[in-house]
Amino acid sequence: MDRDTLKRRTKAFALRVMDVIDDLPRSVKGRCIADQLMRSATSVAANYRAACRARSRAEFVAKLAIVIEEADESLLWLQLIAEGRVLLAAALGDLIDEANQITAIMVATRKTASGANH
């Protein structure tokens with residue numbers, strides 16, 4: 001998958017998460033999760049773009065590590081929303097799958113870029 005496709009995909013992920021955030025209840029847990037999820041999901045897109053502007057392979061790999069961390073955190077918040085029945089789990093299935101896929105793609109990209117074979 002090329003960089004432009006991943007830029008579009010991570011941005012679309014952030015936008016979809018923003019829609020979910022609008023649907024969260026205005027309760028204490030809803031607001032807390034909304035804040036955390038907003039930060040992590042938008043960070044996936046922002047940090048991937050930063051990785052694409054990296055000045056070295058080492059910087060690219062380091063930025064990808066941040067993307068992986070934020071994508072995995074976003075996945076956690078989405079799972080908590082579903083499993084905690086804050087929103088219907090069925091409505092989050094595709095987004096949870098996308099968070100898993102983005103995380104896996106970024107892990108594989110980081111391994112390739114860093115020359116890791118394990």
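The model shown is predicted, which means the values in this text are computed figures rather than measured ones.

J.: So, a nonpolar patch on the surface: which residues are in play, and what are the values?
T.: A contiguous nonpolar patch, built from Leu15, Met18 and Met38 and spanning about 230 Å² of accessible area, is present on the exposed surface. Along the chain, Met38 turns up in helix α2 (residues 28-52). Under the relative-accessibility criterion, Met38 is labelled partly exposed at 30%.

J.: Help me get a handle on the environment of Gln36, residues and values and all.
T.: Topologically, Gln36 is positioned in helix α2. On the accessibility criterion, Gln36 (27% relative accessible area) is partly exposed. For the pair Gln36 and Ile105, spaced 69 residues apart in sequence, the C-alpha separation works out to 22 Å. Setting aside chain neighbours within four positions, we find Gln36 in contact with Glu73 and Trp77.

J.: So, the pattern of salt bridges: which residues are in play, and what are the values?
T.: For the coordinates displayed, the defined rule picks out 2 salt bridges. Between Arg9 and Glu98 there is a salt bridge, with its nearest N and O atoms 2.7 Å apart. Of this pair, Arg9 sits in helix α1 (residues 3-23) while Glu98 sits in helix α4 (residues 93-114); the two residues are 89 residues apart in sequence, bridging distant segments of the chain. You can call Arg9 buried: its relative accessible area is 18%. Arg55 is the salt-bridge partner of Glu59, the closest N and O atoms lying 3.2 Å from each other.

Cut-off values and rules
- Residues numbered from 1 in each chain as written.
- Predicted model: local features only at pLDDT ≥ 70, side-chain atom pairs only at ≥ 80, totals over all residues.
- Heavy atoms only, no water.
- Patch = residues over 30% accessible without salt bridge, like charges linked within 9 Å, V, L, I, M, F, W, Y side chains within 5 Å.
- Areas by Shrake-Rupley, 256 points an atom, 1.4 Å probe, with all protein chains shown as cover.
- Salt bridge = Lys/Arg side-chain N within 4 Å of Asp/Glu carboxyl O.
- Helix = DSSP H or I, 4+ residues; strand = E, 2+ residues; numbered from the N terminus.
- Buried < 20%, exposed > 50% of the residue type's maximum accessible area, 1.4 Å probe, protein only.
- Contact = heavy atoms within 4.5 Å.

By themselves these figures say nothing about function.
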